[in-house]
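# Examining the three-dimensional arrangement
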Amino acid sequence: MVRIQIPMTTPIDEDEDAAGTGDEDGVGIMSDITESDVDDDIADPDWEEVKGEQDKDDAFSFAPGKMPNIPQNGITIEFDKPKRPSRRSRASKKKDKKNGDLDEDDEDEESDDGEDMVSTKKRKRLDMNEIVRRSINRVKITEQLMKHKLSLLLYLARGLRLVKIINCNIVKGLSMSVMDNNFKIPRSRKRKEREFIELFMEKFNELIAICDDDDKRSKHMQQPFMLNLLDCYASLETTSLIELVVMFIACLKAMKPDIPVRIVNVLRPISLRANIIPKPAEGEPMKEVIVEPQVSEEIVEKLDYWVEVYLADEKKWCCVDLCNAKLDEPAVLTELSRPFRYLVTYDVDRYCVKAAEKNYCENWYTPGFRKGRCEDKWWDNVMEALGPSKHGDKDVADESKTEEILTNQDMPTSDSAFKNHPIYVLEKHLLKFQGIYPPEVVPLGFFKDQPVYPRDCVHTLRSRETWLRQARTVKLNETAYKVVKARPKRDKYTGDLIKDLPLEIFGEWQTEPYDPPTAENGKVPRNCYGNVDMYQPCMLPKGCVWLKLQGLQRVANKLKIDCAAAVTGFDNHCGRGYGSHPVTEGFIVCEEYADTLQAAWEEEQVNIAKRELDKQQKRVWDNWRRLLKAAMIRERLRVKYKNS
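In what follows, the accompanying structure is described. (Residues numbered from 1 in each chain as written. Predicted model: local features only at pLDDT ≥ 70, side-chain atom pairs only at ≥ 80, totals over all residues. Heavy atoms only, no water.)

### Some words on the overall build of the protein
Helix and strand counts for the protein stand at 18 helices and 25 strands. Taking all 644 residues of the protein together, the buried fraction comes to 32%. Taking the contacts inside the protein whose residues are at least 6 apart along the sequence as the reference set, 67% of them involve residues at least 24 apart. In the structure as shown, the protein presents an accessible area of about 44,000 Å², 50% of it carried by carbon and sulfur atoms. (Helix = DSSP H or I, 4+ residues; strand = E, 2+ residues; numbered from the N terminus. Buried < 20%, exposed > 50% of the residue type's maximum accessible area, 1.4 Å probe, protein only. Contact = heavy atoms within 4.5 Å. Areas by Shrake-Rupley, 256 points an atom, 1.4 Å probe, with all protein chains shown as cover.)

### What about the pairing of strand β10 (residues 352-355)?
Sheet topology places strand β9 (residues 342-347) next to β10; four bridges connect them, and they run antiparallel. Across the sheet, the residue bridging to Val 344 is Ala 355, located in β10. What sits between the antiparallel neighbours β9 and β10 is a turn of four residues, in which Tyr 351 has the positive phi angle 55°. (Pairing = 2+ DSSP bridges.)

### Observations concerning the sheet that holds strand β5 (residues 261-267)
In sheet architecture, strand pairing relies on hydrogen bonds along the backbone and comes in two forms, parallel and antiparallel. One open sheet accounts for six strands, arranged β8-β7-β6-β5-β9-β10; its pairing is antiparallel. Every other strand in the sheet has two partners, leaving β8 (326-327) and β10 as the edge strands with one partner each. Direction of pairing for β5 relative to strand β6 (residues 305-311): antiparallel, over a ladder of five bridges. Note that in β6 the partner of Val 264 across the bridge is Trp 306. Strands in contact with helix α5 (residues 128-167) are β5, β6, β9 and β10; relative to β9, the strand with the most contacts, it is inclined by about 25°. (Axes fitted to C-alpha atoms, helices over the stretch in contact; angles between N-to-C directions.)

### Focus: the side chain of Lys 216
Inspection of the secondary structure assignment puts Lys 216 in helix α8 (residues 214-222). Looking at Lys 216, the relative accessible area reads 16%, which means it is buried. Setting aside residues up to four positions removed in sequence, Lys 216 forms contacts with Cys 211, Asp 231, Ser 235, Glu 237 and Thr 239.

Listed below in structure tokens is the structure:
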């Protein structure tokens, strides 16, 4: 039941009503209504029944053409609010209706509920405090994400700085002097690289000591790293792990310059968790919850730096633990460095950065590991910008090591573990534009009666237009792998948003390389829109040339030579739902007219420059003429009105 109270602040007297002064107080709302108008309103079937109070003084009534008798305490309008049936009841009714068990009364009631809910559904409104709280939290989360990314970039810059220090001439000279005076390793052609690394690490640990003096450590923390490194070479003592790693790599490169070495670094950036304002209870003011780091009484020093050496005879990277004097034991290093979210390597020879989480962390693909990381797209772009320019044998060794770690793991035992797994996949976890091929592939196993397929059999599906942008076309008489719903599009003429359009998608095995058409009789082959598809360089029509000259179309029209714009892609800057427009770059012309058009275009550019220069000179002379006329008029007026 909904009750609406309409108060009356100004009482109405019968004398004033009879005298016709009720309209001056703003309450004579029906004094100008005729009898026929009132009768039509009463006869309206949508007229709501009005229930007043039972007392005589508070009764509400009116006669046609007269002032209504409005009670002094106002009017109360009551009506029943329709109730929306619960989701469970609607589902049960739908099930009964399907089985034929639904009565006629229930069907009528269900239809009435649907009609009533159209007018009673209201949008939930937020108060100003909630809007401000959400806006502040949004800014805080964005600011915390920027701090997180900035700290990652600072870590990477520091690592690349260490590589520069190792390769500088001063450190190389100091390392060679240390090797000549203290290191004496007998050379042997039959000795393997692993044995050489073990012998070198043993000699290095005997020569370089780790200092426990707190005063010296505090002094090194206040000085630049280069001065600390020079002090370490002078005293043959290190005060931190990073100094030990740099000296080890520099001495190893001085002893054997052609051996590939890289630094492994655990990045510990600022946390992504922001100090947001929680939603307060009713009646309580907003308070900011400050997240303080948990300080433990036991101080455990994490292992954030170690060394990897590439063994050419074994074609693998071997990790070196300088603190514990252990070789090729990644499990020990991973246990000492946990927990971590980012792990990178700095190649000393190639001066590049690579992500190394896959080589040391078995659950790098799980949601739990990615919980404290930034978005993968941004991090992948950073790694691609700082990564190696060429793919060599050392990169193949990393991939084989990752594959070996994954193959040694057992099949996941939970539904969430199968999502984004690099080896196994369930058919229900496939995305919209993914499919399994070949269809007769043998499952690797079963999980809750669901077949488990290898991830290598998952392929990306695309539409005909998307495959064309990859310079591939769908074969004739090919049946679509599956039909999905296309993205919403707006009608070109009405502007209405069209949804749920079917879209046929195909796999790469259903396509063939694009065969460009041939130009004939001086005519450039076009698509249905009058342009030439040039998404890839290999799509250039046979017998044509691609000229990237601005304004070539105008010159071609003057010479009556066929010329078509080259479409290289599409842009969606208008926003989602408003479609996209083609991006053109240059023009396609036939080979026999290419030289003529280019010469005419160059001549046109000379004429354009000459016209611009003439236009500029004309504007200069006009300005001077206007200035001289103004000066002459001013002088004439000064002489004329000099005495006055």
